[in-house]
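# Residue-level structural notes
What follows is each chain in one-letter form.
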Amino acid sequence: MRIPGLLIALFAVLLAGCGESPVAFHGKDITGVMNDLSFTLTDENGDTVTETIVDGKAVVLFFGYTHCPDYCPMTLTLLAQAMNTLSEQEREQLRVLFISVDPERDTPALLKEYTEYFGPEVIGLTGSKDQLDDVTKRYRTAYGYGDKDEEGNYEVSHGLAMYGFDKSGRVRLLMRNDQPVEQVADDLKALTDL
Amino acid sequence: MWQTLQTALTPYILSPLTVLLCLLAAGGWVLGARRLARQGRAPSVWRTLSFFTGLLLCYAVIHTQFDYYARYMFFMHRIQHLVLHHLGAFLIALANPLPVLAAVAGGRRFPLLARAFAPLRRVLFDPVVATLLFVGLIFFWLWPSVHFDAMLSLRLYELMNWSMLIDGVIFWLVILDPRDPRQARTSGFGVRFLMLVAALFPQILLGAYITFSEPGLYDVYAICGRAWPLSPATDQVLGGVLTWIPPAMMTILGALVVLRYYLNYEQRGD
């Protein structure tokens, strides 16, 4: 029976190795588990941009699409509410990247209109299939399209995670939108303090 | 057409370790089989076919576009593990690969290496340990919090898949060892039946538990996004059924092979 014990110990060590940062997030600490912030996408003005647009800021990134009936507006509202509890200086240290995985319908103009509604810290991005494949693979998330109905509407499946990056672009945090506003605010503040 | 095939065969995430291990296994078989053939003891076509089918199946589920679906759909992940832990591992073990792979060394002997590995082999091939590990690993990687971490971290994901494959091969090697247990001093056929039964029921229970649980048991697929819009409830039910029924069928298949060996040796008489 020594071997199973040993295996369990090994797994425990491996699992423990995943979280090494001193901060206690309410969400899941994923320091070192995923890649640092990096992307090449199209912004709300139709320009090609990279992660340098958020240089020196903490970042919350998540994937969605503007025709999303529930999750995306809920999450953006949650983030906006949490940001509202922060001070102006703290908010200035923070950017929200909303990456649309539905470039067919989400034009830069539409994205701009959509994200403006949730606050100036929210930046809408999208890209070609290759660009989106790159960035979704980096953050271990998938997206896919349902069949079109008669009016040409279709469902888009996408990840529900919000990924937090510290000011140097290192991945730190994975949040879900079932966290209460106060906890999200705590985690955002912790991100900007890192 | 060609492009579709190329896309399908391109690994979702390139893993040099996987390529290396699969090449080593395939090369080992080819080399060992040639050495044995020179002594007039070449493995049969069926054994070769079984080995390479098993190996190819395992490669296909972890290092092609299939892997993408296995990462982003729970039920596809269950198919992946079904191949790694049951079907592929079963076919590899059914080919009785150890004598062929050992023949790679030719006449050379490595007494130190053999002595170092002997205790490990004794423990891992012990019927109780092999069964506990076989069932234990299924439960371990399907433990919701462990499953979540394994799906998130590339390192753990690879560890999960390789541990499933290696453990599956060991378990089925114990079950499907074609030698006469009385002479080779391996586990008796009765013991092997008991191993199969002991492994069967926990898998049925786990499969049924997943099938009938409230949806959302494995929320990592919701959080990381599914490959296409499939309802979480359907995904979980499919995954549960795949954990439940095909492994049970593989157990029966294993029992049939053991029964055949048993009858063979019985007929030859004592």
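Rules behind the numbers
- Residues numbered from 1 in each chain as written.
- Chains lettered and ligands numbered in written order.
- Predicted model: local features only at pLDDT ≥ 70, side-chain atom pairs only at ≥ 80, totals over all residues.
- Heavy atoms only, no water.
- Helix = DSSP H or I, 4+ residues; strand = E, 2+ residues; numbered from the N terminus.
- Buried < 20%, exposed > 50% of the residue type's maximum accessible area, 1.4 Å probe, protein only.
- Salt bridge = Lys/Arg side-chain N within 4 Å of Asp/Glu carboxyl O.
- Contact = heavy atoms within 4.5 Å.
- Buried area = accessible area lost by both parts, 1.4 Å probe.
- Polar contact = N/O pair within 3.5 Å; in protein donor to acceptor, adjacent residues only side chain to side chain.
- Nonpolar A, V, L, I, M, F, W, Y, C, P; charged D, E, K, R; others polar.
- Pairing = 2+ DSSP bridges.
- Axes fitted to C-alpha atoms, helices over the stretch in contact; angles between N-to-C directions.
- UniProt positions renumbered as here; feature names shortened; annotations may be inferred.
- Parallel < 35°, antiparallel > 145°, perpendicular 65-115°, else oblique.
- Left-handed = near helix turned anticlockwise from the far one by under 90°.
- 1 Å grid on protein atoms, 1.4 Å probe; cavity = no way out; pocket = protein on both sides within 12 Å on 5 of 7 lines; lining within 4 Å.
- Points joined across faces, edges and corners; volume = space filled by probe spheres on them.

### Examining the environment of B:Leu137
All names here are of chain B. Structurally, the position occupied by Leu137 is in helix 8 (residues 127–142). The class of Leu137 is buried, set by a relative accessible area of 7%. When the C-alpha positions of Leu137 and Met160 are compared, they lie 8.8 Å apart, and in sequence the two are 23 residues distant.

### Some remarks on the pattern of salt bridges
Per the counting criterion, the structure on display carries 15 salt bridges over all chains. B:Asp149 is the partner of A:Lys28 in a salt bridge, and the nearest nitrogen-oxygen pair spans 2.7 Å. Taken together, the positions of A:Lys28 in strand 1 (residues 28–29) and B:Asp149 in helix 9 (residues 144–152) put the pair across two chains. A relative accessible area of 28% means that A:Lys28 is categorised as partly exposed. For B:Asp149, a relative accessible area of 17% gives the class buried. Residue A:Arg172 pairs with A:Asp166 through a salt bridge whose shortest N-O separation is 2.9 Å. A relative accessible area of 8% places A:Arg172 in the buried class. Residue A:Asp166 is classed as buried on the basis of its relative accessible area of 4%. Here the salt bridges do not stand alone but share partners, grouping A:Lys57, A:Glu92 and A:Arg95 into one network.

### Considerations on the interface of chain A and chain B
Listed as interface residues are 27 residues of chain A and, on the opposing side, 32 residues of chain B. Contact between chain A and chain B buries roughly 2600 Å² in total, counting both sides, with carbon and sulfur atoms accounting for 69%. At the junction of chain A and chain B, the tally comes to 2 salt bridges. Here chain A and chain B share 12 residue pairs in polar contact (both at pLDDT 80 or more) between them. Grouping the amino acids of the side of chain A that touches chain B by side-chain chemistry returns 16 nonpolar, 6 polar and 5 charged.

### A short note on the sheet that holds strand 6 (residues 122–125) of chain A
Paired through backbone hydrogen bonds, the strands of a sheet run either parallel or antiparallel to each other. All names here are of chain A. The strand order 1-10-9-4-5-6 describes an open sheet built from 6 strands, whose pairing is mixed. Here the strands that pair on one side only, and so sit at the sheet edges, are strand 1 and strand 6. Where strand 4 (residues 58–64) lies against strand 9 (residues 162–165), 4 bridges are found, and the strand directions are antiparallel. Within strand 9, the position partnered with Val60 by the bridge is Gly164. Along the sheet face, helix 2 (residues 71–84) touches strand 4, strand 5 (94–100), strand 6 and strand 9 and points at about 165° away from the line of strand 4.

### Focus on the UniProt feature "transmembrane region" (unreviewed entry) in chain B
Residues and elements named next belong to chain B. Per the UniProt record, "transmembrane region" (unreviewed entry) is annotated on residues 12–32, 44–62, 82–102, 123–143, 159–177, 189–212 and 244–263. A distance of 26 Å separates the end C-alpha atoms of residues 159–177, which is 95% helix and 0% strand. Counted over residues 244–263, helix gives 100% and strand 0%. Its end C-alpha atoms are 29 Å apart.

### Quick word on the packing of helix 8 of chain B against helix 10 (residues 154–176) of chain B
When two helices pack together, you describe them by how their axes are tilted relative to each other and by the distance separating the axes. Residues and elements named next belong to chain B. At their nearest, the axes of helix 8 and helix 10 sit 9 Å apart, and the two run at 155° to each other. Accordingly, the angle class assigned to the pair helix 8 and helix 10 is roughly antiparallel. Note on packing geometry: the crossing formed by helix 8 with helix 10 is left-handed. Contacts between helix 8 and helix 10 involve Ala130, Thr131, Leu133, Phe134, Leu137, Ile138 and Trp141 on the former and, on the latter, Leu156, Leu159, Met160, Ser163, Met164, Asp167, Gly168, Phe171, Trp172 and Val174.

### Side note on empty space enclosed by the protein
Residues and elements named next belong to chain B. Enumeration over the complete set of coordinates arrives at 1 cavity of 30 Å³ or more. Approximately 60 Å³ is the volume attributed to the largest cavity. It is helix 5 (residues 74–94) that provides the largest number of residues to the lining of the largest cavity, a total of 5 residues. Residues that form the lining of the largest cavity fall into these classes: 5 nonpolar, 5 polar and 1 charged.

### Focus: the layout of surface pockets
All names here are of chain B. Taken as a whole, the largest pocket encloses approximately 2100 Å³ of empty space. Lining the largest pocket are 50 residues; nearest its centre among them are Leu98, Leu101, Arg121, Phe125 and Leu173. Secondary structure elements with two or more residues in the lining of the largest pocket: helix 2 (16–38), helix 3 (45–62), helix 5, helix 6 (97–102), helix 7 (111–124) and helix 10. Among the elements that line the lining of the largest pocket, the one with the most residues is helix 10, at 8 residues. For the lining of the largest pocket, the residue count by class is 35 nonpolar, 7 polar and 8 charged. What the second largest pocket holds in volume is close to 600 Å³.

### Topic: the packing of helix 2 of chain B against helix 3 of chain B
Residues and elements named next belong to chain B. In the contact formed by helix 2 and helix 3, the axes pass within 11 Å of each other and the chain directions differ by 175°. On the basis of the axis angle, helix 2 is roughly antiparallel to helix 3. Residues Thr18, Cys22, Ala25, Ala26, Trp29 and Val30 of helix 2 pack against Arg47, Thr48, Phe51, Phe52, Leu55, Tyr59 and Ile62 of helix 3. Across the contact of helix 2 with helix 3, the residue classes break down as 10 nonpolar, 2 polar and 1 charged.

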